[in-house]
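Geometric and topological summary
Take a look at the letters that make up each chain.
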Amino acid sequence: MKIMVASDIHGSLPMCKMVFDKFHELKCDKILLLGDLLYHGPRNDIPEGYEPKKVIELLNSEKENILAVRGNCDTEVDQMVLNFPILADYMYLVSGNLVVFATHGHKINPENPPCSLPQNAILLNGHTHIAMDVMKDGYRYMNPGSPTIPKNGTEPSYIIIEDGKAELIKF
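The rules we used
Residues numbered from 1 in each chain as written. Predicted model: local features only at pLDDT ≥ 70, side-chain atom pairs only at ≥ 80, totals over all residues. Heavy atoms only, no water. Pairing = 2+ DSSP bridges. Helix = DSSP H or I, 4+ residues; strand = E, 2+ residues; numbered from the N terminus. Axes fitted to C-alpha atoms, helices over the stretch in contact; angles between N-to-C directions. Core = buried A, V, L, I, M, F, W, Y, C linked by side-chain atoms within 4.5 Å. Buried < 20%, exposed > 50% of the residue type's maximum accessible area, 1.4 Å probe, protein only. Contact = heavy atoms within 4.5 Å. Salt bridge = Lys/Arg side-chain N within 4 Å of Asp/Glu carboxyl O.

Re the sheet that holds strand β5 (residues 98-103)
Overall, mixed pairing links the five strands, which are arranged β4-β5-β6-β8-β7 in an open sheet. Each edge of the open sheet is held by one strand with a lone partner, namely β4 (90-95) and β7 (132-136). Here the average twist between neighbouring strands, direction ignored, is 20°. Strand direction decides the pairing type here: strand β6 (residues 122-125) and strand β8 (residues 139-143), joined by three bridges, are parallel. Opposite Ile122, over in β8, you have Arg140 as the bridge partner.

Here's what the structure looks like:
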C-alpha cells in the first residue's frame, strides 16, 4: 500500500488541491492527514486561499481515501461537517517491517514520545510546520511540515510510505 502523508492544511483551498493533485498523480492508495484541516488557529495569520467550506467539500469528496488524526485546531464541530473520522489522537500503521506511530504532535512529539514506540520505528507528526527527517533516540522522527504555512525556512513537503520505507519529498 502506498500512503501519502500531509499535515496542517489550515483551510487553504489551493494547498488542499495541491495535496490531492499530488496524491492522484502518484497513484497513492491512501492519504494520512495529520490534523489541522480547516481552521488556521490563533497563532497563524489567515492563510492564502482560506476557504474552509470549499476545503470541506474537497475533503468529503475524497473521504474513501483519507485516514486522519486530530490536530490541536480540529474540533467536534469540524467532525460534524467532515464525512470521515478526524478525532483520533493517534494511529499505528505498519508497512512491511516498518512501524509508524502517527499523531498531530501537540501532545506526543520528540520531546514527549510514546512509551510503546519500538526501536527503528517512525514517530510521525505535524504541528510544527517544519519539515523534518532525523534519527532521535533509536527511532526516526518525520514531519511533512505544512503546505500552507511552512516555518523555519522549510518548503512545502509530504511523506510517502510504501513497502517498509518512508521518504520526505518537497512539492
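Examining the nonpolar core
Within the largest apolar cluster, 24 residues are counted, with the highest numbers of intra-cluster contacts made by Leu33 and Leu59. Going through the elements one at a time, β1 (3-6), α1 (13-25), β2 (30-33), α2 (52-61), β3 (66-68) and β9 (157-162) are the ones with two or more residues in this core. For Leu59, the residues in contact, after removing those within four places along its chain, are Cys16, Phe20, Leu33, Leu37, Leu38, Ile66, Leu82 and Phe84.

What about the pairing of β7?
Within a regular strand, the side chains alternate between the two sheet faces. Pairing of β7 with β8 involves five bridges; the strand directions are antiparallel. By the bridge assignment, Val134 is partnered in β8 with Tyr141. The turn joining β7 and β8, which pair antiparallel and follow one another in sequence, is formed by two residues; a positive phi near 50° is taken by Asp137.

Thoughts on the pattern of salt bridges
Scanning all chains against the criterion turns up five salt bridges. Its salt-bridge partner being Glu25, residue Lys22 comes within 3.4 Å of it at the nearest N-O pair. On the criterion of helical spacing, the pair formed by Lys22 and Glu25 is a turn pair, its members being three residues apart in helix α1. In this structure, Asp133 and Arg140 form a salt bridge, with 2.8 Å as the shortest nitrogen-oxygen distance. Under the relative-accessibility criterion, Arg140 is labelled partly exposed at 22%.

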